[in-house]
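Now for the letters of each chain:
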2 protein chains.
Amino acid sequence: MRTVKLTKETKDELLGNLLKRNPGSYTEYENTVNEIISNVRENGDKALFDYTLKFDKFDVNKETINVTRQEIEEAYKELSDDFVEVMKKSAENIRVFHEKQKRNTWIDTKEDGSILGQRILPIEISGVYVPGGKAAYPSSVLMNVVPAKVAGVERIVMCTPPSKDGKVNAGTLVAADIAGVNEIYKVGGAQAIAAMAFGTDSVPKVDKITGPGNIFVALAKKACFGHVSIDSIAGPSEILVLTDETANPRYVAADLLSQAEHDELASSILITTSQNIADKVSKEIDEFLKTLSRSEIIKKSLENYGYIFVADNMDDAIDAANAVASEHLEIITKNPFETMTKIKNAGAIFLGEYSSEPLGDYFAGPNHILPTNRTARFFSPLSVDDFIKKTSIISYSKEGLYKVHNGIELFAKKEGLTAHANSIAVRFENCK
Amino acid sequence: MRTVKLTKETKDELLGNLLKRNPGSYTEYENTVNEIISNVRENGDKALFDYTLKFDKFDVNKETINVTRQEIEEAYKELSDDFVEVMKKSAENIRVFHEKQKRNTWIDTKEDGSILGQRILPIEISGVYVPGGKAAYPSSVLMNVVPAKVAGVERIVMCTPPSKDGKVNAGTLVAADIAGVNEIYKVGGAQAIAAMAFGTDSVPKVDKITGPGNIFVALAKKACFGHVSIDSIAGPSEILVLTDETANPRYVAADLLSQAEHDELASSILITTSQNIADKVSKEIDEFLKTLSRSEIIKKSLENYGYIFVADNMDDAIDAANAVASEHLEIITKNPFETMTKIKNAGAIFLGEYSSEPLGDYFAGPNHILPTNRTARFFSPLSVDDFIKKTSIISYSKEGLYKVHNGIELFAKKEGLTAHANSIAVRFENCK
């Protein structure tokens, strides 16, 4: 793994390199995706079934599109008891954490009889997309579904591509059942996103679509945004570890490698104020690489997007961490909470040497669906907020409106909107 | 205005008709917009200045692009004192309401030393787009900017197209000053959105873009989503008034007309359980139309998207209101708060006969930037939430991690992510 001194130049090079993972345009795929969406929108189930046969090689129909209770029971039998147990415990931790995000409807009253407020209700129906094959992660199912359940969403539907014999990954089915998914449909790709965005005879139209997917899924979500709400568009995974000289280099190395194994676009970055730590972490990485099963992927991603930066001081290190706005940020310093106060941008912050990043991926409770590719500057972890909608409440009394009616009429007239002014004036036309 | 009986058929016809305002594709404009974005992204200021000359006929440059303090002072002089006064009072009401939306960072501690939490910080820099010419509404400037200010955003920039002599609407400038905008740039259209999304020498890259605009602006915002956060895409304005027999037909008519005057795509709908009210409202509308200055626009929008529905009972009326999910919903019934409990979808709810919709547009304090075109099913009014970002906090103690490490390692291995398992295991390799 390359070790470089942190300077303005090397920082800019890093930022430029990371953004390369997010090309500006996917025109070649966009046309295909738009065509799939139009077709599903116009022809509904027929288009959906045709695409499933074409892409997934499974000849799905109105009877076989739904995962049955029996299939879910069989999935439980395929999994070991201890795996089911840890999924249940994880789901419970996710539920407890997300319960704390719930907000109440509030109102504010004035003695003249006026009331203003903000009402919070869950969305009625949400849809989660789950990739098939090797990209089917049960932990991701829990993280997508539990917050919707906590928000109070009554109907949660899932789409996931079937294998060519019409099966769905057992882990996916059990996680969906534990998390509380109501219906599972055996469809995938851009066609599944279109089906959830616009509805077909078989698949219901939803209010919000969340969940990861390949480039076709991501582009379909973006294209349907507005007709339906979506979560932010996920990019490759990232970790940034920030340390002084007190960190345990073996732990740091292991954590950097844990993100690098996701795929060849994943990025693992260490920024440390200690040359000694930099050297030791580098050595530990080489050691671990000899034993890890996914070392080929790891080597590629470290080569592409892995960096060890040595910074002159902690302020420079923190500046760089804020510029990267990493999906995962580990702070392993003498006083990690104090260091945290200077962090502006990160998806999730892991403090201290026992807060290893996979603890958050699998178990602690905070969501592992996090903003990537520098979007932590403005996006947030998936949360209960993603599954609620707000409505303003305005109730003025006659007395309340009378006191302010002249001002409102003036404002409306200044904007040239005389019918607006009239609707206020008419309430007091007999008071003059 | 047409009066029809509310049935399943007429309701479906209404929903279909309303959605016509939101065509699925704007391919002809999309290519133009994508070209503008690419050009600004590649050529920065040069492209931005060229487009401004081409579209706004103003030969802007690095020196003249910024609105000066002097221009703002002159704008104040152009406006009457009472207009400035009502803008200030409105801004204050908006501030007070939005202050109540602020949320605190929280943490949750366990006795084993573990801490989980959610940190809330404002985004660093936000951008607001303000249309030029007749579509420049000072009230909209206040509604876009004050929530960002309340959230704690340090740098708020505005882009608005100049007239051909390089001027900006005085109302826009004064509203921007009152609301607390830090910098104003004389650029408009898709090129302004691209400049804020990617940054140029003159215009800073922002984290979030809000504000209304024409179809080019709306498409540019959608295209830049992901590189930058955006607010939801605004459609034509809407009002739905829900009444029983107790409503004052004159007030109802005036309120329906106030939304109809916005543009020919605006929609005004009355759903009432009383044929008597339906008839009287219809007559009042005809009366008002004789005197209102914007009656030509109003007639067109009533013809296109205006409806009076007579429902058999309040439950049917409420069902239809929930299906429409109107931007503005007035409830003028015997007990409006009780009626409200059954409403699931609406941008803002106005209760009782003195809560006329323009009260919310101009003055009460809740935001007037609201979800349109049935998106109140999943989108919300613009709020402080739009200008903050959340970060998860995870801090486990050695004791806390030790208790659960076996489960996490198992989960990671079941997903095939052995480097994830290793990063947990390595913490306890000497404990065995």
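As the structure is a computational prediction, the values presented were derived from the model and not from experiment.

**Structural notes on helix H17 (residues 418-425) of chain B**
Extensive coverage of H17(B) is indicated by the burial of seven of its eight residues. Looking at the buried positions of H17(B), the neighbouring elements they touch are helix H10 (249-260), helix H11 (275-289), helix H12 (295-305) and helix H15 (357-362) of chain A together with helix H16 (398-414) of chain B.

**Looking at empty space enclosed by the protein**
Applying the stated rule across the entire model yields six cavities of 30 Å³ or more. Here the largest cavity defines a volume of roughly 890 Å³. If you go around the largest cavity, you meet 40 residues; those closest to its centre are A:Lys208, A:Asp386, B:Lys208, B:Asp385 and B:Asp386. Of all elements in the fold, only strand E8 (229-230) and strand E14 (388-395) of chain A together with strand E8 (229-230) and strand E14 (388-395) of chain B reach the threshold of two or more residues within the lining of the largest cavity. By residue class, the composition of the lining of the largest cavity is 21 nonpolar, seven polar and 12 charged. Estimated volume of the second largest cavity: approximately 60 Å³. Lining the second largest cavity are A:Gly117, A:Gln118, A:Lys390, A:Thr391, A:Ser392, B:Phe97, B:His98, B:Gln101, B:Asn367, B:Pro381, B:Leu382 and B:Ser383. When residues of the lining of the second largest cavity are traced back to their parent elements, those giving at least two are strand E3 (115-122) and E14 of chain A together with helix H5 (81-99) of chain B. Ranked by the residues each element gives to the lining of the second largest cavity, the list is headed by E14(A), at three residues.

**Some words on unusual backbone geometry**
Backbone geometry follows two general trends: most residues other than glycine have a negative phi, and most peptide bonds adopt the trans configuration. Residue and element names in this part refer to chain B. Phi angles above zero are rare outside glycine, and Ala-325 is one such case at about 50°. Its relative accessible area of 0% is what places Ala-325 among the buried residues. Notably, Asn-373 is not glycine yet its phi reads approximately 55°, a positive angle. By secondary structure assignment, the location of Asn-373 is in the loop between helix H15 (357-362) and E14. Judged by its relative accessible area of 8%, Asn-373 falls in the buried class.

**Notes on the relation of the copies chain B and chain A**
Laying chain B over chain A is done by rotating through 180° and shifting 0.0 Å along the axis; what remains is an RMSD of 0.0 Å. A rotation of that kind, with that shift, is consistent with a two-fold axis. Rotation axis and chain B: the residue whose C-alpha lies nearest the axis is B:Lys222, separated from it by 4.2 Å. A symmetric contact is evident, with 100% of the interface residues of chain B recurring at the interface of chain A.

**Observations regarding the interface of chain B and chain A**
Contact with chain B, which involves 118 residues of that partner, is made by 118 residues of chain A. Roughly 10,700 Å² is buried in total at the junction of chain B and chain A, and carbon and sulfur atoms are behind 60% of that figure. Between the two partners, chain B and chain A, sit 14 salt bridges. A salt bridge links A:Arg250 to B:Glu429; its shortest N-O distance comes to 2.5 Å. Taken together, chain B and chain A are joined by 69 residue pairs in polar contact (both at pLDDT 80 or more). Top element by residues in the side of chain B that touches chain A is H16(B). It accounts for nine residues.

Quick notes on the rules
By convention here, each chain's residues receive numbers from 1 onward along its written sequence. For this description, chains carry letters from A and ligands carry numbers from 1, given in the order in which they are written. In keeping with the model being predicted, local features are shown solely for residues with a pLDDT of at least 70 and side-chain atom pairs are shown and tallied solely at 80 or more, while totals for entire chains, interfaces and linings include all residues. The basis for every side-chain value is the complete set of heavy atoms in the structure, and neither hydrogens nor water enter the calculation. Note on classification: 1.4 Å probe, protein chains only; a residue is buried when its accessible area is under 20% of the maximum for its type, exposed when over 50%, partly exposed between these limits. We count a stretch as a helix when DSSP gives it H or I for four or more residues in a row; a strand needs E for two or more, and each element gets its number in order from the N terminus. In what follows, residue pairs with any heavy atoms lying within 4.5 Å of each other are defined as contacts. Whether a set of points on the 1 Å grid over the protein atoms alone is a cavity depends on a 1.4 Å probe fitting there but being unable to get out, while an open set qualifies as a pocket with protein on both sides within 12 Å along at least five of seven lines; lining residues are those with an atom within 4 Å of a point. Grid points are joined across faces, edges and corners, and a volume is the space filled by probe spheres set on the points. Residue classes follow a fixed rule: Ala, Val, Leu, Ile, Met, Phe, Trp, Tyr, Cys and Pro count as nonpolar, while Asp, Glu, Lys and Arg count as charged, and any other residue, Gly among them, counts as polar. Alignment of copies: least-squares fit on C-alpha atoms of residues with pLDDT of at least 70 in both copies. Once two parts are put together, the accessible area they lose, assessed with a 1.4 Å probe and summed over both, is termed the buried area. Any carboxyl oxygen of Asp or Glu within 4 Å of a side-chain nitrogen of Lys or Arg constitutes a salt bridge here. Pairs of N or O atoms within 3.5 Å make up the polar contacts considered here, provided that, within protein, one atom can donate a hydrogen while the other can accept it, and that residues adjacent in sequence are counted only when both atoms are side-chain atoms.

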